[in-house]
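Take a look at the letters that make up each chain.
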Amino acid sequence: MTERPSAREIVALVADDFSEIPYPERQSKPDGPLAWQGYDASRARAAERTGEQESVICGTARVEGTRAVLIAFEFGFLGGSLGERTGDRLEAAYTYARAHRLPVVPLVATGGSRMQEGMLALTQLQRVARQSALTREAGLPQIAVLRDPTTGGGWATLGAGADVILALPGAQVGFAGSRVRPPDADPSAYTAEAQVAAGAADAVVRPEELRRTLGRWLRLLSRPSDSAAAVTADGHSPETAPAPRHTAPGSTDSTPPDPTGEAHRTPRTEPAGPAATGSTNTTPRDPTDTAHTTHRTEPSGPSAPGSTNPPSPDPTDTAHPTPRTEPAPVPTPLGATDLPATGWDAVRRARSVGRPRAVAYLDAYFTHRAAISGDRCGGTDPGMLCGFGERGGRTIAYAAQTGAATRPAGYRTATRLIHLADRLGIPVLTLVDTPGAANDAEAERQGAGAAIADLFTTVASARTPITTLLIGEGGSGGALALAAPGATYATPDSYFSVIAPELAAAILKRPQEEVEATADQLRIRPQDLVELGVIAHPDGRTLP
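Okay, so let's go over this structure.

Cut-offs and rules
- Residues numbered from 1 in each chain as written.
- Predicted model: local features only at pLDDT ≥ 70, side-chain atom pairs only at ≥ 80, totals over all residues.
- Heavy atoms only, no water.
- Buried < 20%, exposed > 50% of the residue type's maximum accessible area, 1.4 Å probe, protein only.
- Helix = DSSP H or I, 4+ residues; strand = E, 2+ residues; numbered from the N terminus.
- Pairing = 2+ DSSP bridges.
- Phe/Tyr/Trp six-rings, centres within 6.5 Å; stacked < 30°, edge-to-face > 60°.

### With respect to the pairing of strand β2 (residues 56-63)
A large share of β2 lies buried, amounting to 7 of its 8 residues. Where strand β1 (residues 19-20) lies against β2, 2 bridges are found, and the strand directions are antiparallel. Of the residues in β2, the one forming a bridge with S19 is T60. Hairpin connection between β2 and strand β3 (residues 66-73): a loop of 2 residues separates the two successive antiparallel strands, and E64 in this loop has a positive phi of roughly 50°.

This is the structure we're talking about:
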């Protein structure tokens, strides 16, 4: 990047107003904790040049109407480096955010730790990481904007540690700064664009679009997702909207179906359904929900992030049980309306190039949406679409397979998405459509088994409700990993199978002409799956 806006210029670019929070006072020894000769003079020159007293300014502002705590680095002040006073300001900013239930937006431009303060400067990274962890635990989103440059510890904490990471075009981004890299290092690897391609950041955003994009992310991640604050997209109030029955396959619960859904509302952010497949755990729920209060180490109240009416802190937190989060509504089928006659007919429908795919479902379901990208482990997968969208005034997270074989990075990105939604109390919609997990050698080297296992565990342990719609192919465990037990539905042009019929026939050493009969034997049609108890039947919404 050729232009390097100051801290206050970047704040003005994204915010409608800005009010600095009080900064702690620190008395330092002459020339700092190491008595580094000339350090005080360097600080004085930096202050005169920039008009700032430290390398970061912190305050509250409204970004497209959503109030947030902004942390803006001033690169002109000793390269935006982190020292003890910087750590004081950052800690104050995060503490203020938690006390007032506000999201945090670091606008990062730093070369890393301040050499003139030695190890005391480096340990500020631990201090920042602690504050970020406390803020994450409090259920508040962190959205970072990477400016030029974002390197060293600033990238490894405030930047890479955020929930959503946006970057300005051409920004230098990397743990190694330009003066400490190998002489033959490819400079293009240390750019915002390279970090997005490697799954380490979510998107590159042009400066003129930054305010709108940041504002959208803040609204999506800060608004309440309990339907007490909204009506459903089909016009029902929370009290009258039908709720699907969430009984997992194999459950010992034999209560007859309730056509109205009134008896089976999900009362809180626990996994949908009283028991996992095959479970014999029939412990009744606590109707008051007081037995399931979420205890945090930080005081928190029911106000949504960004609220201008913060509650009084409750030191015990027992007055604030986790609010109920209504499940995401089941999407309306966009393809065939009649059921397949045979198993092979179901396969042909699901594999048809004319069948509606994930993008069509997402476009029809959401008013608008914003995507996350990458698994934060060096990979991306265009076959797994993940992000957050608005529907009926609520935020709903989504993870959607596109019909291709899902790669390990795709499973890890979906896991990342569900973890974030779970922490913020946002319901999740998953769309299943894959012939199966990628099975090439590279997928194995990338840890396919571990990635799938992590997703299975994440779905099983999520407190926020997950709703799944099978919209096409449901190929074995690579599809099932994204499906919510007891809350999975199917469209008429889909199938779910333990294995593809062709592969099943091959394993059984059957001739090619018996593939279709094998498909029937597997009982993979949507109506078969309902009868088997594998998928739910929401009173005709997805099955005639």
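Having put the structure on the table, let's press on.
### Here's the deal with the packing of aromatic side chains
All chains considered together, the criterion is met by 3 aromatic pairs. Relative to F388, the ring of W217 lies with its centre 6.1 Å away and its plane at 75°, an arrangement referred to as edge-to-face. Of this pair, W217 sits in helix α8 (residues 207-222) while F388 sits in strand β10 (residues 384-391), and the two are 171 residues apart along the sequence. Judged by relative accessible area, which is 3%, W217 ranks as buried. Judged by relative accessible area, which is 0%, F388 ranks as buried. The interplanar angle of 45° and the centroid separation of 5.5 Å between the aromatic rings of F366 and Y398 together place this pair among those described as tilted. Of this pair, F366 sits in the loop between α10 (358-365) and β9 (368-372) while Y398 sits in strand β11 (residues 394-401), and the two are 32 residues apart along the sequence. Overall, Y398 belongs to the buried group, its relative accessible area being 2%.

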